[in-house]
Amino acid sequence: MLIKNACIENNEELKCIRIEDGKFKEIKKDLEPYAQEEVMDLEGKLVLPPFVESHVHLDTCLTAGQPHWNMSGTLFEGIERWEERKEFLTKRHI
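In short, a report on the structure.

Conventions adopted
- Residues numbered from 1 in each chain as written.
- Predicted model: local features only at pLDDT ≥ 70, side-chain atom pairs only at ≥ 80, totals over all residues.
- Heavy atoms only, no water.
- Salt bridge = Lys/Arg side-chain N within 4 Å of Asp/Glu carboxyl O.
- Helix = DSSP H or I, 4+ residues; strand = E, 2+ residues; numbered from the N terminus.
- Buried < 20%, exposed > 50% of the residue type's maximum accessible area, 1.4 Å probe, protein only.
- Phe/Tyr/Trp six-rings, centres within 6.5 Å; stacked < 30°, edge-to-face > 60°.
- Lys NZ or Arg CZ within 6 Å of the ring centre and 35° of its normal.

## Re the pattern of salt bridges
Argument step 1. Scanning all chains against the criterion turns up seven salt bridges.
Argument step 2. Put simply, Arg-18 and Glu-37 hold a salt bridge, and the shortest N to O gap is 3.0 Å. With Arg-18 in strand β2 (residues 15-20) and Glu-37 in the loop between β3 (23-28) and β4 (39-41), the pair connects residues that are 19 residues apart, well separated along the chain. Just as Arg-18 is buried, Glu-37 falls in that class too.

Below, the structure written as structure tokens:
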């Protein structure tokens, strides 16, 4: 897929974005579509990252060794540490 005329934050010129296999392949000022490539013209509309970042590291999130460090570095121990940590949270922490 080729997205044309996209406004990207902090860029004065409109850009083209090529996506292949669900990943950004190229971002340049002028890209020509491949044969049979789907093209979307954004006509200067703004392109933004998602508003929600769902990527969370439960092995370290808000624990900082309190009450214990996640010594194994695993998700399962991270969840256990978070359960322990929740007991100490107050509205100030949230």
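## Observations regarding the packing of aromatic side chains
Argument step 1. Enumeration according to the criterion identifies zero aromatic pairs in this entry.
Argument step 2. The cationic tip of Arg-18 hangs over the ring face of Tyr-34; the distance from NZ or CZ to the ring centre is 3.9 Å.

## Section: unusual backbone geometry
Argument step 1. Its identity is not glycine, yet Asn-10 carries a phi of approximately 70°, on the positive side.
Argument step 2. The residue Asn-10 is located in the loop between β1 (2-8) and β2 in this model.
Argument step 3. Of note in this structure, Gln-36 is not a glycine but carries a positive phi near 70°.
Argument step 4. As for its position among the elements, Gln-36 is in the loop between β3 and β4.

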